[in-house]
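These are the residues of each chain, in order.
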Amino acid sequence: MSLAVFRANLWFHRYTALAWIVGVGFLAFLVGALYRSAGGPDYLKLIDQMPDALKASMGLDPNTPLSAGDGLSVSIWLNTQFLSYGAVLFAIYAVVHGTAAIAREAEKGTLDLVLSQPIGRSQFLLWRELVFVVSSAVLALATALTLVAGLAVIGETTNIPYLLLTVFQAWLVALAVAGYSFAFSCLFLSTAKAAAAAGLLTTAFYAIDIVARTVERVSWLGNLSLFHFYEPQHVLDTGELSWIGIAVCGGVAIGATAAAAVIFQRRDILT
Amino acid sequence: MAPAIQTFGLTKSYGPVLALDGLQLTVEQGDIFGFLGPNGAGKTTTIRLLLDFIRPSSGRAEILGHDTQTESLAVRRRVGYVPGDVSLYDSMTGEALLDLLNRLRGGDSLEQGRRLANRLDLALHRRIGDYSSGMRQKLALVAALMPQPELLVLDEPTKGLDPLVQQELYTILHEEQKRGCTVFLSSHNLPEVEKVCNRVGIVRKGKLVAVEEVEAIKHKKVRMLELTFSRPVAREDLVMEGVEIRSLDGNHAQLAVLGHVPDILRRLVELPIEDFEFPEATLEDTFMKFYDEGGER
């Protein structure tokens, strides 16, 4: 019976999800399709001449070979032009979706309608979160496919399994961000306050990661950021996922969801 | 048979504000119970506590024998609820919303919902966003009645309904009572409660000040009477048992009638009355004066 909540919420969320899929997908397609025209020797030179710290902020190791054959490698192009901030895009989607999930229902008063039915608060929360899990998975998959499609129109390709793994890693970060966004949504029952809190925390994570990547003596700070565990260049080149990263992102997602459930279960739903 | 509603010292405070103070209330199964009180008296707080939307500061409540907190799901399986401020999913049609709520209850009562909607003249195919406030109220009522619950909790259910639909709703509530359903109806409208309820609880400033049979309430009711005379009358002419002179200004008098009506009318008929009117009295005017905060005066 609770599947009805999932289906209804998927339906309510259809336009937002579709807009994100189309928007991010179009951007990814464009990046793929522009590889040859914009990623030529000048771009290779530009990347090559970047300070190491700036390269590091994009996840480029100083020893990473930038070219493949006589031009910029596809993986460097995809990473510097899209994937290095792909997790941030997914994280924004997670904040937007997660913070509105419960708070908007409370603000509109529709939470009364749902919670007067025989459905537990935690159950309702989990079905709502599952809507995010599914829609963000579709977003991630669509992103990978449109990147590949963009490359395909110019006769290029990349290692598709490795690309899928990279996008999977970004999706894991988004799940963690969604976890605490849901928790803030339950805590404040105000979309604005929840979005402010989740946005601030996500920005802090991103800033910490950038600082840790660019300033070597505080590189240890990176361990405090979710984005530290997103390494698109490494995964694109090797296909190796960090198990610690999976554990941290998964752990934050599950822990924050559990916290959200406890908060939601205990708090008053005021009119 | 467990009471439909039983509360044990139910108390709710928001910081320093005491919204509900030690409510001890029993509503028997089969009653149509009016929960009467002015705005801000604690009616909605009580309802939200019963449905486990908010948690008591102290005390507890049972619905149909189930603890409202620890057995909240069991409670909600057996209760239909119409909130005071109806909020629905605007992007859905009425039919889709009823279908969703029906699925949430795992039931097969959609057809019953359609019948009720038809009876209340509600177009289910339209988007809820295009509904008027009255139509939203009707849909909320249909949604609450659709699963044929054992207890209906209605918070100001006739808000926004036209008189004909109100009358139809009263008929439906009596039918529900015959089916065995208990109705808990919060209102600040005494005539409505008189029409539909058999027992009444009166709440004021967070305290239950009385629980009465409706018939008993009727005897205690204050009626307002405005009289226009063809010539000025003296205050002494209006002094009689069971009448309180609220104002007297030359040819015009406003009276609060508390006593035996036939005796009063016999006295009034001797006066040079040109016109009279029965203005609608506020709840405070009509009968709150019978009750102070501690109980019956």
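It should be noted that the structure appears before, not after, this text.
Residues numbered from 1 in each chain as written. Chains lettered and ligands numbered in written order. Predicted model: local features only at pLDDT ≥ 70, side-chain atom pairs only at ≥ 80, totals over all residues.

### A look at the overall build of chain B
- Counting its regular elements, chain B contains eleven helices and 16 strands.
- Projected onto its principal axes, the C-alpha positions of chain B cover 70 × 45 × 35 Å.
- Put simply, chain B has 297 residues, and 38% of those count as buried.
- Counting contacts in chain B only where the partners sit at least 6 residues apart, residues at least 24 apart contribute 68% of the total. (Helix = DSSP H or I, 4+ residues; strand = E, 2+ residues; numbered from the N terminus. Buried ≥ 20, exposed ≤ 12 C-beta atoms within 10 Å, placed from the backbone. Contact = placed C-beta atoms within 7 Å.)

### Concerning the overall build of chain A
- Helix and strand counts for chain A stand at twelve helices and two strands.
- Walking chain A from its N terminus toward its C terminus, one meets helices and strands in the order α-α-α-α-α-β-β-α-α-α-α-α-α-α.
- Relative to a compact globule of 271 residues, whose C-alpha radius of gyration would be 18 Å, chain A shows 20 Å and is just as compact.
- Dimensions along the principal axes, computed over C-alpha positions, put chain A at roughly 65 × 45 × 30 Å.
- For chain A, the proportion of its 271 residues judged to be buried stands at 47%. (Rg over C-alpha atoms; globule rule 2.2 N^0.38 Å.)

### Focus: helix α4 (residues 110-119) of chain B
All names here are of chain B.
- When α4 is considered as a whole, its buried residues turn out to be Gly113, Leu116 and Ala117. The buried side chains of α4 occupy one side of the element, clustering within an arc of 100° when seen end-on. Of the exposed residues in α4, those oriented more than 90 degrees away from the buried face are Glu111 and Asn118.
- Among the structural elements, α3 (94-104) and α5 (133-145) are those in contact with the buried residues of α4.
- At the exit of α4 stands Asp121, carrying a positive phi of roughly 60°. (Arc of directions from axis to C-beta.)

### Thoughts on the pairing of strand β6 (residues 79-82) of chain B
Residues and elements named next belong to chain B.
- Side-chain alternation along β6 places Val79 and Tyr81 on one buried face and Gly80 and Val82 on a second face that is also buried.
- When β6 meets strand β7 (residues 151-155), the two strands line up parallel, connected through four bridges. For Gly80, the partnering residue across the bridge sits in β7 and is Leu152. (Pairing = 2+ DSSP bridges.)

### Considering the interface of chain A and chain B
- Taken together, the contact pairs 20 residues of chain A with 21 residues of chain B.
- Residue classes in the side of chain A that touches chain B are distributed as eleven nonpolar, six polar and three charged. (Nonpolar A, V, L, I, M, F, W, Y, C, P; charged D, E, K, R; others polar.)

### Concerning the sheet that holds strand β11 (residues 223-229) of chain B
Residue and element names in this part refer to chain B.
- With antiparallel pairing, four strands are arranged side by side in an open sheet as β12-β13-β11-β14. Of all the strands in the sheet, the pair left with one neighbour each is β12 (243-249) and β14 (273-277). Strand-to-strand twist of the sheet, defined as the mean angle between neighbouring strand axes without regard to direction, takes the value 20°. (Axes fitted to C-alpha atoms, helices over the stretch in contact; angles between N-to-C directions.)

### What about the pairing of strand β8 (residues 182-187) of chain B?
All names here are of chain B.
- With six of its six residues buried, β8 lies for the most part within the structure.
- Burial of β8 is two-sided: the residues Thr182, Phe184 and Ser186 facing one way and the residues Val183, Leu185 and Ser187 facing the other way are all buried.
- Direction of pairing for β7 relative to β8: parallel, over a ladder of five bridges. Paired with Leu151 across the two strands is Thr182, which belongs to β8.

### Section: the packing of helix α9 (residues 160-188) of chain A against helix α12 (residues 243-266) of chain A
Residues and elements named next belong to chain A.
- One can describe the packing of α9 onto α12 by two numbers: an axis separation of 8 Å at closest approach and a directional angle of 20°. Taken together, the axes of α9 and α12 lie roughly parallel to each other. In terms of crossing hand, the pair formed by α9 and α12 is left-handed. Judged by residue contacts, Gln169, Leu172, Val173, Leu175, Ala176, Gly179, Tyr180, Phe182, Ala183, Cys186 and Leu187 of α9 engage Gly245, Ile246, Cys249, Gly250, Val252, Ala253, Ala256, Thr257, Ala259, Ala260, Ile263 and Phe264 from α12.
- Tallied by class, the residues present in the contact of α9 with α12 amount to 18 nonpolar, five polar and no charged. (Parallel < 35°, antiparallel > 145°, perpendicular 65-115°, else oblique. Left-handed = near helix turned anticlockwise from the far one by under 90°.)

### Considerations on the packing of helix α1 (residues 3-12) of chain A against helix α8 (residues 121-153) of chain A
Residues and elements named next belong to chain A.
- Here α1 crosses α8 at 45°, and the two axes come no closer than 9 Å. By the angle class used here, α1 and α8 are oblique. As α1 packs across α8, the resulting crossing turns out to be right-handed. Facing Val5, Phe6, Asn9 and Leu10 of α1, the residues of α8 in contact are Phe124, Trp127, Arg128, Leu130, Val131 and Val134.
- Its residues assigned to classes, the contact of α1 with α8 comprises eight nonpolar, one polar and one charged.

### Let's talk about unusual backbone geometry
Residues and elements named next belong to chain B.
- A positive phi angle, near 65°, is found at Asp52, a position not held by glycine.
- Positionally, Asp52 belongs in the loop between α1 (43-50) and β4 (58-63).
- The residue Gln148 is not glycine, and still its phi comes out positive at about 50°.
- Mapped onto the fold, Gln148 is located in the loop between α5 and β7.
- Classification of Gln148 as partly exposed rests on a count of 14 C-beta atoms within 10 Å.

### Focus on the sheet that holds strand β5 (residues 66-67) of chain B
Residue and element names in this part refer to chain B.
- Read across the open sheet, the four strands follow the order β2-β1-β4-β5; overall the sheet is antiparallel. Edge positions in the sheet fall to β2 (17-27) and β5, since each has one partner strand and no second.
- Pairing geometry for strand β1 (residues 5-14) and β4, over five bridges, is antiparallel. Within β4, the residue paired with Gln6 across the bridge is Glu62.

### Structural notes on the nonpolar core
- By size, the foremost hydrophobic cluster in this structure holds 150 residues, and its most contacted members are Phe90, Val173, Ala174 and Val177 of chain A together with Val142, Val153 and Phe184 of chain B.
- Among the elements that make up this core, the one with the highest residue count is helix α6 (residues 74-108) of chain A (19 residues).
- Here Val177 of chain A is in contact with Ala91, Ala94, Val95, Thr202 and Leu226 of chain A, once residues within four sequence places are set aside. (Core = buried A, V, L, I, M, F, W, Y, C linked by C-beta atoms within 7 Å.)

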